[in-house]
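Breakdown of the fold
Chain by chain, the residues:
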Amino acid sequence: GAPEETNVRVAARVRPLLPRDTAQNCCSCITVHQKANQVVVGTKRAFAFDLVYETDACQSAVYDGCVSQLLDGCMQGYNATVLAYGQTGSGKTHTMGTGQSVGEGSE
């Protein structure tokens, strides 16, 4: 059947390994199946989301998929919330950004 309509959507973005991870010979145990909107941990634990993003997903793809429609609704008077949730080091700042303006800190 058709997917159920809901006011809450959950997206998962897998952050790339940090330099310290690769320096310690760590490797990713996460597989993203975009067509199924699933993230697989190891080989057996699959988790379904409304949207999933690989480690190489650009900010504009995440914005277009998760935020742009919400912002359009806000401009029409509706309320919306975007929440980044996860443990320390899971990639919240990588996804939401640092708050720096373009060109700031590059001098």
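Everything numeric here is computed off the predicted structure, so don't read it as measured data.

Some thoughts on the pairing of strand S3 (residues 38-41)
Here strand S2 (residues 30-33) runs beside S3; their pairing, made up of four bridges, is antiparallel. Bridged to Val32 within S3 is Val39. Where S3 lies against strand S4 (residues 45-48), four bridges are found, and the strand directions are antiparallel. Opposite Val40, over in S4, you have Ala46 as the bridge partner. Between S3 and the antiparallel strand that follows it, S4, lie three residues; Gly42 among them carries a positive phi value of about 70°.

Digging into a nonpolar patch on the surface
Residues Tyr63, Leu71 and Met75 make up a contiguous nonpolar surface patch of roughly 320 Å² in combined accessible area. Locating Met75 in the fold gives a position in helix H3 (residues 68-75).

Digging into the side chain of Arg13
By secondary structure assignment, the location of Arg13 is in strand S1 (residues 11-13). No salt bridge is formed by the buried Arg13; the nearest opposite charge belongs to Asp56, separated by 8.2 Å. For Arg13, the side chain forms a polar contact with the main-chain oxygen of Ala57, separated by 2.6 Å. Polar side-chain contacts of Arg13 include one of 2.4 Å to the side chain of Gln59. With residues near it in sequence (within four places) discarded, Arg13 still touches Tyr53, Glu54, Ala57, Cys58, Gln59, Val62, His94 and Thr95.

A few points about the sheet that holds S4
Spatially, the three strands line up as an open sheet ordered S2-S3-S4, and their pairing is antiparallel. Looking along the sheet, the strands with just one partner apiece sit at the ends: S2 and S4. Strand-to-strand twist in this sheet, taken as the mean axis angle between neighbours without regard to direction, amounts to 20°.

Basis of the calculations
- Per-chain numbering applies: the sequence of each chain, read as written, is numbered from 1 onward.
- Note on the predicted model: pLDDT of at least 70 is required for a residue's local features to be given, and 80 or more for side-chain atom pairs to be given and counted; whole-chain, interface and lining totals, by contrast, use all residues.
- Only heavy atoms go into the side-chain values, all of them from the structure, while hydrogens and water stay out.
- Should DSSP find at least two bridges between two strands, the strands are regarded as paired.
- Numbering of helices and strands runs from the N terminus, with a helix taken as a DSSP run of H or I at least four residues long and a strand as a DSSP run of E at least two residues long.
- Each patch is built from residues that are more than 30% exposed by relative accessible area and take part in no salt bridge. Like charges join if they lie within 9 Å; nonpolar side chains (Val, Leu, Ile, Met, Phe, Trp, Tyr) join within 5 Å.
- Only the protein chains shown count as cover for residues, with accessible areas throughout obtained via the Shrake-Rupley method and a probe of 1.4 Å.
- Should a side-chain nitrogen of Lys or Arg be within 4 Å of a carboxyl oxygen of Asp or Glu, the pair is scored as a salt bridge.
- When accessible area is computed with a 1.4 Å probe and restricted to protein chains, residues below 20% of their type maximum are described as buried, those above 50% as exposed, and intermediate ones as partly exposed.
- Positive residues here are Lys and Arg, negative ones are Asp and Glu, while His and the chain termini are left out of the count.
- A 3.5 Å cut-off defines polar contacts: any pair of N or O atoms within that distance qualifies, except that in protein one atom must be a possible hydrogen donor and the other a possible acceptor, and neighbouring residues in sequence count only when both atoms are side-chain atoms.
- What makes two residues a contact is simply this: any of their non-hydrogen atoms within 4.5 Å.
- Every angle, taken between N-to-C directions, lies between 0 and 180 degrees, and every axis is a line fitted to C-alpha atoms, over only the stretch in contact when it is a helix.

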